[in-house]
Amino acid sequence: GRVHTCRCASLALRAFVVAALASTACSSGGDATVVRLVVTGDLDVSGVRVQLRLGGAGVTEPVEDDRWLPLAVPGSGFRLTTDASPPAQTFRWVEFQVTAFDPAGTPVVERRTWAGFVPRRVVEVEVHLESACRFDRMSCEDGRQCVAGACVEVDSPPGIGCGNGVVEAALGEECDDGNGV
């Protein structure tokens, strides 16, 4: 009996080590080029909408995607993830617009961020949605957003602007690079 018990423990330990190694290999990304968005929050929400826009210098039409990330149990203290991969090598960045919705389906807070793709790497970007930035408590204007209860500037990914191959219509705004052209 004792040898059998040790053998089972040994098999269980081997299975644990194999699983741990596999997990490490997956988290390093292998050959995958991925930006992983991690959304956390302290709000009472039912889900999060993530709008993605992928682009880069020389990309004339950014790729857009719209995802709904529901909470299994609506509430606060959540962590959700979604991955973005470039459809071609010319795509260098992904921009995320993250909107949280309360249980009634009303948007309560929104954040924007972006990250660049790194070949054969998984890049994690965290967006924390805080109750201090609820729309009914805070309003930011002129391209600014609320972070930790304060309005801050929002930067754009490289390749968004005039004369860089990104179509103005895809941006949904007038092109103004600040040089009067």
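Residues numbered from 1 in each chain as written. Predicted model: local features only at pLDDT ≥ 70, side-chain atom pairs only at ≥ 80, totals over all residues. Heavy atoms only, no water.

(A) Examining the side chain of T99 more closely. With respect to the helices and strands, T99 occurs in strand 5 (residues 93-101). There is a polar contact of 3.0 Å between the side chain of T99 and the side chain of E110. Sequence-distant contacts of T99, that is, excluding residues within four places in its chain, are made with G47, V48, R49, P107, V109 and E110. (Helix = DSSP H or I, 4+ residues; strand = E, 2+ residues; numbered from the N terminus. Polar contact = N/O pair within 3.5 Å; in protein donor to acceptor, adjacent residues only side chain to side chain. Contact = heavy atoms within 4.5 Å.)

(B) Summary view of the sheet that holds strand 4 (residues 78-84). An order of 4-1-7 is seen for the three strands of this open sheet, with the pairing classed as mixed. Each edge of the open sheet is held by one strand with a lone partner, namely strand 4 and strand 7 (122-129). Within the sheet, the average angular offset between the axes of one strand and its neighbour, ignoring direction, is 20°. Pairing analysis gives seven bridges linking strand 1 (residues 34-41) to strand 4, with the strands arranged antiparallel. The partner of V35 across the bridge, within strand 4, is A84. (Pairing = 2+ DSSP bridges. Axes fitted to C-alpha atoms, helices over the stretch in contact; angles between N-to-C directions.)

(C) Region of the structure containing the environment of S156. Tracing the chain through its elements places S156 in the loop between strand 9 (150-153) and helix 2 (168-171). For S156, a relative accessible area of 41% translates into the label partly exposed. Between the C-alpha atoms of S156 and T113, which are 43 residues apart in sequence, the distance is 8.1 Å. (Buried < 20%, exposed > 50% of the residue type's maximum accessible area, 1.4 Å probe, protein only.)

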